[in-house]
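Listed below are the residues making up each chain.
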Amino acid sequence: MSGIFGILTKAGTALNAHRYSMEVTSNNINNLNTPGFTRKQAVLQNSAFGVTGGVTVDHVIQAKDEFTDKQIINQNMAKGQHESQSQVLSRIEAYFDQENPNNLADSLQQFFDTLRQLSTNPSDSIFRKQVLNSATDMSKKFNDISNDIQSVRESLNLEIKSQINQANSYIKQIAELNQNVKNAVEEEQGNLIDQRDLALKKLSEIVGVSFFYDGQSNLNVMTANGEPLVQGITPSYLVADPFLDPFNPVPDFQQDVISPGNYGVSVKDTDGNLTSLT
């Protein structure tokens, strides 16, 4: 009877192990389109020494590759930087578009044309008036463009503030998730790690980062220049450089993110989207 009972027990254990594996696979399918989700795999092992011990689930692993993840992070950084540069330059380019009927180039050309006419007959009052009118028009265009560019500058300062606050929220989230991963049971760790990886990818779209995992399940994050952003469960938040714009300094808005944490990683020490904006 003990032999039959043992066989049935091992069969039941095997069924449970494979049922759990199927549940993991089902969860993978259900989360196929979930942002940040990483495919999981149940690792089976012999439950005892020898060839008659049966099978159990040893642990669950994430089907991910650290090298590939780092390449994705690098590409996110480049993507964010190029998109920001394109947006900023396209806004400024519009003010110098030669297809615009009121563009600066036409005003300059008109001014020099009237000067050329006046040089042929300096005493002609009509030519003099045309020079004054074209100079007034050109001066107005310069002032209008100056005001428009100043408006773009102010808009960029607000965008920098928003981007820094967003980046700091991801930094805070990663530090908190480091703590949560440590405290979680094994069944919960996978989803928490997915959330942490997603926060890292979103952070990399704003600032250039590098990262590594330590032996305590922590994801440690640094700027591309080596300034620490997350060390274990301690975040270090980004701040605006006070000399970012000497004519219109960005206010000290790092306190928008709730402590605990250290403040003082300058935006100028980063790379990516924020670098393009500054």
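To be clear, the structure that these remarks concern was listed above.
Here the structure is a predicted model, which means the values were calculated and not measured.

Asker: Would you mind going over the overall build of the protein chain with me for this structure?
Answerer: Each helix and strand in the protein chain was counted, giving 6 helices and 7 strands. For the protein chain, the α and β elements follow one another from N to C terminus as α-β-β-α-α-α-α-β-β-β-β-β-α. Counting all 278 residues of the protein chain, 33% fall into the buried class. Partitioning the intrachain contacts of the protein chain with sequence separation of at least 6 by distance along the chain shows that 60% fall at a separation of at least 24. Here the protein chain has roughly 16600 Å² of accessible surface; of this, 54% comes from carbon and sulfur atoms.

Asker: Hey, could you run me through the environment of Ser 119 in this one?
Answerer: Residue placement: Ser 119 occurs in helix 3 (residues 104-120). Within the local environment of Ser 119, its side chain forms a polar contact with the backbone oxygen of Arg 116, the two atoms lying 2.5 Å apart.

Asker: How should the nonpolar core be read in this particular structure?
Answerer: Note on soluble globular proteins: their nonpolar side chains tend to be buried together. Grouped together as the largest cluster of nonpolar side chains are 22 residues, with contacts concentrated most on Ile 174, Leu 200, Leu 203, Val 209, Val 221 and Leu 229. Only helix 4 (125-183), helix 5 (186-204), strand 3 (209-213), strand 4 (219-223), strand 5 (228-231) and strand 6 (234-239) provide two or more residues apiece to this core. Ranked by the residues each element gives to this core, the list is headed by helix 4, at 7 residues. Setting aside residues no more than four positions away along its own chain, Leu 203 makes contact with Ala 167, Tyr 170, Ile 171, Ile 174, Val 209, Val 221 and Leu 229. Of all hydrophobic cores here, the second largest spans 5 residues; its members include Val 181, Ala 184, Leu 192 and Ile 193.

Asker: Which parts of the structure should I look at to understand the pattern of salt bridges?
Answerer: One pass over the structure, following the stated rule, counts 5 salt bridges. A salt bridge links Arg 116 to Asp 113; its shortest N-O distance comes to 2.8 Å. Within this pair, Arg 116 and its partner Asp 113 are both found in helix 3, separated by 3 residues, close to a single helical turn. Classification of Arg 116 by relative accessible area gives partly exposed; the value is 49%. Its relative accessible area of 31% is what places Asp 113 among the partly exposed residues. The shortest N-O distance in the salt bridge between Asp 144 and Lys 140 comes to 3.0 Å. Here Asp 144 and its partner Lys 140 are both found in helix 4, 4 residues apart, which amounts to about one turn of the helix.

Asker: Looking at this model, I keep getting lost on the side chain of Asp 197. Mind explaining?
Answerer: Tracing the backbone shows Asp 197 in helix 5. Separated by 3.4 Å, the side chains of Asp 197 and Tyr 213 make a polar contact. With near-sequence residues (within four places) excluded, Asp 197 lies in contact with Lys 64 and Tyr 213.

Asker: Hey, could you run me through the pairing of strand 5 in this one?
Answerer: Regular strands place their side chains on alternate faces of the sheet. Across 2 bridges, strand 4 lies against strand 5 in antiparallel orientation. Paired with Met 222 across the strands is Pro 228, a residue of strand 5. Looking at chain direction, strand 5 and strand 6 are connected through 2 bridges and run antiparallel. The residue of strand 6 that forms the bridge with Gln 231 is Thr 234. The hairpin turn running from strand 5 into strand 6, its antiparallel successor, is 2 residues long, and Gly 232 in that turn takes a positive phi close to 65 degrees.

Rules used in this analysis
Residues numbered from 1 in each chain as written. Predicted model: local features only at pLDDT ≥ 70, side-chain atom pairs only at ≥ 80, totals over all residues. Heavy atoms only, no water. Helix = DSSP H or I, 4+ residues; strand = E, 2+ residues; numbered from the N terminus. Buried < 20%, exposed > 50% of the residue type's maximum accessible area, 1.4 Å probe, protein only. Contact = heavy atoms within 4.5 Å. Areas by Shrake-Rupley, 256 points an atom, 1.4 Å probe, with all protein chains shown as cover. Polar contact = N/O pair within 3.5 Å; in protein donor to acceptor, adjacent residues only side chain to side chain. Core = buried A, V, L, I, M, F, W, Y, C linked by side-chain atoms within 4.5 Å. Salt bridge = Lys/Arg side-chain N within 4 Å of Asp/Glu carboxyl O. Pairing = 2+ DSSP bridges.

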